[in-house]
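Analysis of the macromolecular model
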Amino acid sequence: MSIRLYDTATRSVRDFVPIRPGKVSLYLCGATVQAAPHIGHIRSGVNFDILSRWLAYRGFEVTFVRNVTDIDDKVLSKAAEQGVEFWRLAQANERAFTAAYDGLGCRPPTIEPRATGHIPEMVELMQDLIYRGHAYAAGGDVYFDVRSFPGYGALSNQRVADMWSADDADPKNAKRDPQDFTLWKGAKSGEPYWNTPWGPGRPGWHLECSAMARKYLGERFDIHGGGIDLIFPHHENEIAQSKARGDAFAQYWMHNAWVTMANEKMSKSLGNSVLVADMMRRYRPIVLRYYLGTPHYRSMIEYSEAALEEAAVAFSRIEQFLTRAFELVGATEPAVAVPDEFAACLDDDLAVPGAVAVLHQSVRAGNTALAAGDKEGAKARLGDVRAMLGVLGMDPLAEPWSAAADRDAANLREVVDNLVVVALEQRQAARARKDYAAADEIRSRLAAIGIVVEDTPGGPRWTLG
RNA sequence: GGUGGCGUGGCCGAGAGGCGAGGCAACGGCCUGCAAAGCCGUGUACGCGGGUUCAAAUCCCGCCGCCACCUCCA
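Bear in mind the structure is a predicted one, so any value in this text is a computation, not a measurement.

You can read the domains of chain A as domain 1 (4-265), domain 2 (304-402) and domain 3 (408-464). On a C-alpha basis, the centroid separation for the pair domain 1 and domain 2 is 36 Å. Taken together, the 13 residues of domain 1 in the interface contact 18 residues of domain 2. Summed over both sides, the interface between domain 1 and domain 2 buries roughly 1300 Å², with carbon and sulfur atoms accounting for 61% of that surface. When the buried area of domain 1 at its contact with domain 2 is split by residue, I50, W54 and Y57 rank highest and sum to 45% of it. Linking domain 1 to domain 2 there are 1 salt bridge.

Here is the structure:
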């Protein structure tokens, strides 16, 4: 059974055939660190984290590159607005992105290269492009000559002639054609710069990805990912830069859909962002991951509090099964393999929604086994459920979530447990003498402080509500 | 003007010619002192109008509504 992926370049689902057997090279356009991450950014991180986990589960050795663009027009203008050095702003935002990725359980990529760390590679690329007649220097800038590259527009299925020309094109600049894009920008006064054969300047927006993808993954690599809004111009331009130099570049292009707010795309420029940091204070991060990771990566998510609350309930159903199953059958490791049906879904263009349906069916089967006192059946389902959650990065009993319960918290929980047991013993005594008013009073007082008491055949159990 | 996407039950959200993914909510039942949780059951949904077909949410044609990209964007 092979993995199939939707490839934007061909607008079709294709069998995934890696360049090197057993290995996958994956490049994801990460953050332009001009501002703190909103939940749309982190959705991309979660989607591709699940992809890389699934590839790893299928036995591939994944080299995962996710870049950080730490210099561009926006970074410079925001830094100038705030009156700080660009690197101060970039670094602060990069830390915020890292906290968001870590917080939502995204495993770190193999490498996170920064644009400013790869200036020599960019200069070399530009020299090569100029030598080959695909780029030209003019007025301190370096431009890519779009007309010199016949494949331009193939990814986004546009013909150059049909495009609107850039109405923000600077009349002063020296472009030969309005569609030409800037590889390198001559530094204006006060801007940071690097010396080059064309004078002092700094990178445009697209060049860094071509340079860094080649450096870490080679002239040809398997998958290039990013948000759907990067198809044009960013990825189109990357293709132009890299292929014009002679690289084969990416074999598959994967794009995640965005998160919308009131039916509009969430974006920094529209100012309708929901910041990850704020959300993590209001919802448990594992629930946010479930919410952002469960819909198909190519479907847009219309953000709503109600849907997020619902995700929290759905996820806690899974967690409660884990808790009760552990109580009955004891600690159980994840199964070695996920159920076939689950695997078939993820093989089919990462169909997480279908896979989650299988997960819920296993939870139900597990609950049925628990209700019947079928320990063997419950243990088997518990192993399956943990294996599936593991692939999705949502197993509360595995890293990084299990580490969240640190030792202080565990000690405190033990103390609270002992206190609650005292109250529950009194309640059991009241129930034994059929004084239900007293028993219910104890239960409701505990409920008032957030402790939910449930009676089970094995005695009362409590959880934080 | 060019390019791409979306419209599914009360809600979220999959699917892509035939058997109603899954979750949330609701209702009935089992269990319970009562609850909670859990389990069992209950639904005749696919924007509108045509067409193809034995069979259409799915394919074709035409509409309607919404969104995005066309050099800032995950």
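Don't stop here, the text continues.
Below, the discussion takes up the pairing of strand β3 (residues 23-32). Remember that side chains alternate between the two faces of the sheet whenever the strand is regular. The buried fraction of β3 amounts to 8 of the 10 residues, a majority that puts the element mostly inside the structure. Here 8 bridges tie β3 to strand β4 (residues 61-69), and the two strands are oriented parallel to one another. Among the inter-strand pairings, T32 is bridged to a residue of β4, identified as T69. Read from β3 through helix α1 (residues 39-57) to β4, the crossover connection turns out right-handed. As paired strands, β3 and strand β9 (residues 220-227) are joined by 3 bridges and run parallel to one another.

As judged from the 6 bridges shared by strand β14 (residues 451-456) and strand β15 (residues 459-464), these two strands associate in the antiparallel manner. Looking at the pairing, V453 lines up with W462 of β15. Between β14 and β15, which pair antiparallel and follow one another directly, the connecting turn spans 2 residues.

Bringing unusual backbone geometry into the picture now. For the bond running from F232 to P233, omega is 5°, close enough to zero to count as cis. Structurally, the position occupied by P233 is in helix α6 (residues 231-244). In this structure, P400 follows E399 across a cis peptide bond, with omega equal to -5°. On the secondary structure map, P400 appears in the loop between α12 (375-392) and α13 (407-432).

About the cut-offs
- Residues numbered from 1 in each chain as written.
- Chains lettered and ligands numbered in written order.
- Predicted model: local features only at pLDDT ≥ 70, side-chain atom pairs only at ≥ 80, totals over all residues.
- Heavy atoms only, no water.
- Domains from an automatic or database assignment.
- Contact = heavy atoms within 4.5 Å.
- Buried area = accessible area lost by both parts, 1.4 Å probe.
- Salt bridge = Lys/Arg side-chain N within 4 Å of Asp/Glu carboxyl O.
- Buried < 20%, exposed > 50% of the residue type's maximum accessible area, 1.4 Å probe, protein only.
- Helix = DSSP H or I, 4+ residues; strand = E, 2+ residues; numbered from the N terminus.
- Pairing = 2+ DSSP bridges.
- Right-handed = clockwise from strand over helix to strand, strands pointing away.

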